[in-house]
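Topology and contacts: notes
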Amino acid sequence: VVLDAKTGTTRWRVPRDEITSWSTPLVVEHAGRTQIVVCATRRVTSYDLADGSVLWECGGQTVNCIPSPVVRDGVVFCMSGFKGNALLAIPLDATGDITGSDRILWQRSRGTPYVPSPMLMEHLLYYTSSNSAVLTCVDARSGETVMEPTRLPGLRSLYASPTGVGDRIYIVSREGATLVLKKGPLLEVLATNSLDDG
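Given the structure is predicted, the values throughout are model-derived calculations rather than measurements. (Residues numbered from 1 in each chain as written. Predicted model: local features only at pLDDT ≥ 70, side-chain atom pairs only at ≥ 80, totals over all residues. Heavy atoms only, no water.)

Moving on: the environment of R156. With respect to the helices and strands, R156 occurs in the loop between β15 (145-151) and β16 (163-165). Overall, the relative accessible area of 61% leaves R156 in the exposed class. Separated by 13 residues in the primary sequence, R156 and I169 place their C-alpha atoms 17 Å from one another. Setting aside chain neighbours within four positions, we find R156 in contact with N131, S132, A133 and E175. (Helix = DSSP H or I, 4+ residues; strand = E, 2+ residues; numbered from the N terminus. Buried < 20%, exposed > 50% of the residue type's maximum accessible area, 1.4 Å probe, protein only. Contact = heavy atoms within 4.5 Å.)

Following this line, the structure appears as structure tokens:
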């Protein structure tokens with residue numbers, strides 16, 4: 001459903017053949033058109049903001065798709081990690097159903113997040129494995145591994161998404177500890193900040 005933010009009136013409504021969808025829709029402009037990219041159990045779907053028509057769609061996600069998609073340089077990165085793992089790099093200029101086709105730029109099927117969303121810093125795509133304190137970094141342009149899955153010291157369980165500011169990465173655990181890392185291909189811990197509560 002797309003609403004007019006000023007009046008609350010419905011601009012358009014599109015029925016969806018989906019089981020669940022937990023991720024936040026991504027609004028992105030590409031080639032003069034605004035797309036709404038929505039990840040869900042059966043497929044990732046891109047809608048035209050103007051009228052709700054489907055621009056492209058792609059199957060291959062897992063159930064309970066929670067991580068929100070991120071975008072850079074005309075490519076959207078969609079992940080899920082419950083009862084399986086999926087990471088798809090999809091060009092925003094795709095059309096129709098591209099499931100299993102060579103229009104998918106690259107994909108991975110290991111170590112993707114269940115709840116936390118991924119984070120893009122320039123061309124570096126960071127994501128955690130399931131809800132555990134294991135961090136992976138890949139080159140968003142090629143899908144090549146920059147940092148192998150690496151255990152984050154002092155953290156156990158994650159729900160929060162990684163956050164990046166400048167050359168720093170902040171990862172908050174469910175136990176109340178925040179790990180501060182330096183952006184880059186190696187795990188370099190700058191600080192650990194702890195709260196007295198989860």
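Still more to cover.
It is worth spelling out the pattern of salt bridges at this point. On inspection of all chains with the given rule, the structure shows 11 salt bridges. The partner of K183 in a salt bridge is E122, and the shortest N-O contact between them spans 3.2 Å. Note that K183 is positioned in the loop between β18 (177-182) and β19 (189-194) and E122 in the loop between β12 (119-121) and β13 (124-128), a separation of 61 residues in sequence. By sharing partners, the salt bridges in this structure join E18, R43 and E57 into a single network. (Salt bridge = Lys/Arg side-chain N within 4 Å of Asp/Glu carboxyl O.)

Following the criterion strictly, the structure yields 1 cavity of 30 Å³ or more and no others. Y126, L135, M147, I169, L181, K182, G184, L186 and L187 are the residues that line the largest cavity. Broken down by class, the residue content of the lining of the largest cavity amounts to 7 nonpolar, 1 polar and 1 charged. (1 Å grid on protein atoms, 1.4 Å probe; cavity = no way out; pocket = protein on both sides within 12 Å on 5 of 7 lines; lining within 4 Å. Points joined across faces, edges and corners; volume = space filled by probe spheres on them. Nonpolar A, V, L, I, M, F, W, Y, C, P; charged D, E, K, R; others polar.)

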